[in-house]
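Commentary on secondary and tertiary structure
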Amino acid sequence: MDVTTSLKSLLLVIQQYRDSRTAQNAAQLQKQVEEVSGLKCDRLLSSGQVLPSECVSGLVELAGNPNTSPALTSSIISLLAQLASDDHSREILHSSYNLTSTLAAVIHCHSATPGEALVLQCLQVLQKLTYNARIFQSTNYIPELVAFLMTNIQSHSDDVIMPCLGLMANLCRDNHSVQSHLKSLDNVKPFYRTLINFLAHNSLTVVVFTLSILASLTLNEKVGEKLFDAKNIHQTFQLVFNIIVNGDGTLTRKYSVDLLVDLLKNPKIADYLTRYQHFSACVAQVLGLLRSKDPDSAAKVLELLLAMCSVSGLRSLLCQVVFKPAGPKLRAAGRRQGAGVEGGRKAEDGLALVQWLSSPVEGAERCSLQALQLLNELLEEALAADTMPDSMLSFVEMLLPVLFELLKGLDPAQGDAHVRKHCHRITHVTSLLLILCTEDSTRSLVSHQVSAQLCLSRVEALLSCCHSNSPITCLHPGSDDDLSHVCAEALLKTLELMSKLRQQVKDMETSFYRMLQDQRMVTPLSLALTSRHREHVQTGLSLLFEATPLPDFPSLVLGESIAANNAYRQREAELSVKRVAVQEVPPPRMNTSVLDSSSASSRSVHSLVEKIQTGLELQEQAKDSHVSEIIDVYEQKLSAFTSKESRLQDLLEAKALALSQADRLIAQYRVQRAQAEAEARKLASLLKDAERRREDLQAELSGQVLEVQRSRADMEELLQHNGRLQRDSEDHQALKGAYNSLLNRFNETERLLKELQSAHISLTKQNEALRRNQEALQLQQDKMASVLEERDEEIKSLQSDLQKKNSDIAGLRVELQAEEDKVKEKDQERRELEDTVDVLRKELNKTEQAKKDASIKASSLELQKSQLEAKLKHKEDELNKHSAMIAMIHSLSSGKMKNDVNLSL
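The text that follows walks through the structure, step by step, so that each part is easy to find.

**A few points about the overall build of the protein**
Scanning the protein for helices and strands turns up 35 helices and zero strands. Here the protein holds 905 residues, and the buried ones make up 35% of them. Once local pairs closer than 6 in sequence are excluded, the contacts in the protein between residues at least 24 apart make up 73%. Total accessible area on the protein is roughly 54600 Å²; 54% of this is exposed by carbon and sulfur atoms.

Now the structure itself:
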């Protein structure tokens with residue numbers, strides 16, 4: 001079932017329950033509420049449709065009715081809490097449907113039982129509704145709600161204390177009426193003491209709620225000066241930072257950030273924070289939360305950092321923390337771009353900010369704008385410093401591609417919400433680029449990245465949104481937050497960027513002057529020059545000074561548009577003074593010409609002159625005065641009226657230009673009216689069908705009435721016959737009782753028989769199983785008997801072997817004893833041998849020493865021997881020579897002589 005059908009059914013059931021508060025209608029309503037709760041109803045209230053509005057009004061009314069059952073009230077509150085899924089829906093429920101007072105009334109009705117589930121549910125939904133919402137003390141049931149909260153905060157029920165503290169923190173924050181009401185109560189001092197005792201609670205959430213309440217109530221009083229003095233404030237800072245970084249969840253972190261933001265609004269505490277020695281380390285840890293993918297936590301962290309940027313001393317410290325990373329790391333991360341910002345040991349803080357600029361996480365649009373605002377503040381501070389850090393250029397070089405990517409994607413066909421969101425983003429991005437253009441080094445980086453074609457395409461897209469023929473600007477510029485102002489601001493910021501870079505970027509100057517001469521530039525320039533914001537007026541004037549000397553600049557049309565805007569603002573101010581609701585209505589068609597209007601204005605001037613003359617005559621009659629002076633005064637007034645008449649004439653001419661817008665509104669109205677008429681025709685056909693069905697049912701009802709009358713006559717006859725049957729019935733009842741007793745006995749007997757049969761069958765089965773088991777066991781017993789006989793024989797043989805072994809062991813023991821005696825004798829001999837060995841070892845040592853001496857002597861004798869051998873060899877050689885000589889001599893002599901010589905030799 002779709003949402004529309006479910007809501008129609010719910011509205012019908014609500015009406016039925018209003019008409020008749022029966023249990024059946026209540027159950028049907030509760031069932032329908034639970035069915036709608038199971039559907040996806042996100043942003044249903046933001047759509048502005050009538051059907052959801054009627055359903056929510058009926059549900060709120062039923063929830064506030066004390067006669068509604070608690071179960072139904074709880075289901076309704078659950079559905080309403082589900083509908084409050086975003087900030088806009090919560091604001092609608094709070095302001096348009098007065099749900100806050102309704103829930104406060106429910107709590108007041110059940111205040112006697114604060115631990116009831118319905119009361120806790122109302123407290124939780126109220127805490128969700130009242131966050132960042134202004135609640136006045138005079139609102140219905142708010143004083144009773146405050147009294148209930150104070151009473152239960154001082155109780156001892158932990159389940160009630162935490163939601164009461166959270167709701168009290170919401171009611172007290174930035175709410176002077178509730179704060180004054182609390183301070184005027186008699187029991188406020190015990191309440192303060194209870195809150196101070198809660199500062200030592202083991203739950204961080206309770207501590208944060210308590211600090212938030214105390215900061216709201218006592219920050220500018222003596223109690224607050226003692227709590228947040230110079231001695232305690234550093235501990236408070238450390239506690240709050242620890243809770244932000246290591247909190248119990250998103251809710252605790254949200255309230256911790258709000259507490260620190262509120263404390264920073266006090267100049268003395270802001271000065272204390274600038275001198276807090278651990279500020280840089282704490283901020284670095286807080287920036288580490290940006291690396292997560294939770295948009296709610298990131299939004300609160302960025303909100304805290306933006307609040308710190310409002311303090312001049314903290315902004316410079318923030319720059320040191322954010323732009324601390326080294327240049328090469330940043331350049332490498334910039335070259336990777338899409339590869340992510342985490343690398344190495346941890347992601348750099350500046351890169352985490354850049355990550356949220358174009359984060360794909362759902363619901364991160366707010367984080368993107370906050371990150372742009374924070375970078376605006378930090379880069380402005382860093383560029384204004386005396387010395388720019390080296391890492392700044394690397395960071396800017398990495399940041400620029402991301403910024404230029406954010407400028408793309410504007411598509412008017414996607415609706416006003418997309419255009420508004422994208423224009424806000426373009427405004428913040430161009431503001432950041434303008435800040436970068438204030439320094440030569442960063443301006444050169446921007447000029448290298450930007451192109452004239454990119455700026456020209458952005459300006460063309462924004463002009464298509466701001467042009468008078470565009471359906472986006474059908475609203476008259478009544479508020480500075482309407483879509484025409486948002487588009488105009490983004491357009492003028494882009495043109496201002498083009499003006500800054502026209503000398504550095506090719507073709508930028510030509511494109512800039514060409515855009516200034518476009519006729520469509522009249523609307524954004526007139527909106528800027530008549531804006532309430534000083535920056536918008538200055539931007540418009542700077543562009544006007546550039547555009548005025550150009551030949552084709554439409555200055556006349558610009559003047560008419562400015563006059564029309566001023567006239568509308570004056571009329572709006574007059575209507576607001578008269579307390580008339582200001583609504584923008586299309587101007588009526590004017591068939592008269594400018595001459596008719598001028599003649600009408602001249603007639604009014606003539607009537608004014610006649611009144612002045614009559615007034616002068618009366619003055620002359622009354623007293624004597626200087627008529628010439630009075631005439632001069634009135635002549636000045638007349639000139640003023642004449643100039644005002646000319647301005648009104650210009651206003652009429654400008655109003656004539658708005659007829660095309662009125663035509664478009666009329667066309668849209670006709671389309672909506674045609675749709676409404678088609679819906680009405682459809683409802684009329686349904687009504688005719690219902691009327692026809694009612695007539696058929698009426699005819700059927702008349703037939704049923706006749707049938708009832710005939711049935712009454714038959715009933716009288718039946719009553720008489722019933723008397724006769726009554727007696728038969730008594731006899732029948734007696735027989736029936738006897739029959740029932742017999743039947744019961746029969747049923748009991750049959751049941752017992754069936755039980756016995758089933759028991760017999762089961763026992764038979766068991767008997768059969770036991771018989772089979774017995775046979776199997778008998779076989780096993782026979783086998784075991786044969787096995788046992790074999791085992792007995794084996795045991796007998798083993799016993800005989802054992803006896804033999806025992807006898808062998810006894811013999812071995814005797815031998816062992818003899819061997820032991822021998823071992824003892826051997827030990828004795830061994831000890832004697834050891835003594836002998838010791839003696840021999842000593843003698844051996846002596847022998848070795850003598851051997852060593854003998855070897856020394858032998859070596860010396862060997863040496864002498866070798867020397868003598870050498871001498872002997874030498875002598876033998878000489879002898880051989882001599883014998884050879886002798887032989888030669890003898891060979892020359894005779895044989896006889898030779899023989900003698902040989903014999904002598």
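**A look at the packing of aromatic side chains**
Counted according to the given criterion, the structure contains four aromatic pairs. An aromatic cluster of three or more residues is present, and its members are Tyr 131, Phe 209 and Tyr 255. One residue, Lys 254, lies across the ring of Tyr 131, its end atom 4.9 Å from the ring centre.

**Side note on the pattern of salt bridges**
This structure, assessed with the given rule, holds 32 salt bridges. The salt bridge partner of Asp 518 is Arg 520, with a shortest N-O separation of 3.0 Å. Residue Asp 518 is classed as buried on the basis of its relative accessible area of 17%. By sharing partners, the salt bridges in this structure join Arg 173, Asp 174, Asp 258, Asp 262, Lys 265, Lys 300, Glu 303 and Arg 366 into a single network.

**Quick notes on empty space enclosed by the protein**
Leftover empty space is mapped by rolling, across the atoms, a probe with the size of a water molecule. Evaluated as defined, the whole model comprises two cavities of 30 Å³ or more. Reported here for the largest cavity is a volume of approximately 90 Å³. Forming the walls of the largest cavity are His 485, Ala 488, Glu 489, Leu 492, Lys 493, Leu 527, Ala 528, Ser 531, His 536 and Thr 539. It is helix H27 (residues 483-500) that provides the largest number of residues to the lining of the largest cavity, a total of five residues. Residue composition of the lining of the largest cavity, grouped by class: four nonpolar, four polar and two charged. Size it by volume and the second largest cavity reaches roughly 50 Å³.

**Looking at the nonpolar core**
Leu 123, Met 168, Met 308, Leu 357, Leu 433 and Leu 495 are the most contacted members of the largest nonpolar core, which has 201 residues in total. Those residues in contact with Met 168, other than ones at most four positions away along the chain, are Val 146, Leu 149, Met 150, Ile 153, Leu 182, Phe 191 and Ile 213.

**Notes on helix H28 (residues 508-516)**
Met 508, Ser 511, Phe 512, Met 515 and Leu 516 are the residues of H28 that are buried. Taken end-on, H28 shows its buried residues confined to a sector of 135°, consistent with a single buried face. Packed against the buried residues of H28 are helix H26 (452-466), H27 and helix H30 (534-547).

**Topic: a negative patch on the surface**
Where like charges cluster on the molecular surface, the negative patch consists of Glu 820, Asp 821, Glu 825, Glu 829, Glu 832 and Asp 835. Residue placement: Glu 829 occurs in helix H34 (residues 659-892). Overall, the relative accessible area of 40% leaves Glu 829 in the partly exposed class.

Scoring rules and cut-offs
- Residues numbered from 1 in each chain as written.
- Predicted model: local features only at pLDDT ≥ 70, side-chain atom pairs only at ≥ 80, totals over all residues.
- Heavy atoms only, no water.
- Helix = DSSP H or I, 4+ residues; strand = E, 2+ residues; numbered from the N terminus.
- Buried < 20%, exposed > 50% of the residue type's maximum accessible area, 1.4 Å probe, protein only.
- Contact = heavy atoms within 4.5 Å.
- Areas by Shrake-Rupley, 256 points an atom, 1.4 Å probe, with all protein chains shown as cover.
- Phe/Tyr/Trp six-rings, centres within 6.5 Å; stacked < 30°, edge-to-face > 60°.
- Lys NZ or Arg CZ within 6 Å of the ring centre and 35° of its normal.
- Salt bridge = Lys/Arg side-chain N within 4 Å of Asp/Glu carboxyl O.
- 1 Å grid on protein atoms, 1.4 Å probe; cavity = no way out; pocket = protein on both sides within 12 Å on 5 of 7 lines; lining within 4 Å.
- Points joined across faces, edges and corners; volume = space filled by probe spheres on them.
- Nonpolar A, V, L, I, M, F, W, Y, C, P; charged D, E, K, R; others polar.
- Core = buried A, V, L, I, M, F, W, Y, C linked by side-chain atoms within 4.5 Å.
- Arc of directions from axis to C-beta.
- Patch = residues over 30% accessible without salt bridge, like charges linked within 9 Å, V, L, I, M, F, W, Y side chains within 5 Å.
- Lys, Arg positive; Asp, Glu negative; His and termini not counted.
- Charge placed at Lys NZ, Arg CZ, Asp CG, Glu CD.

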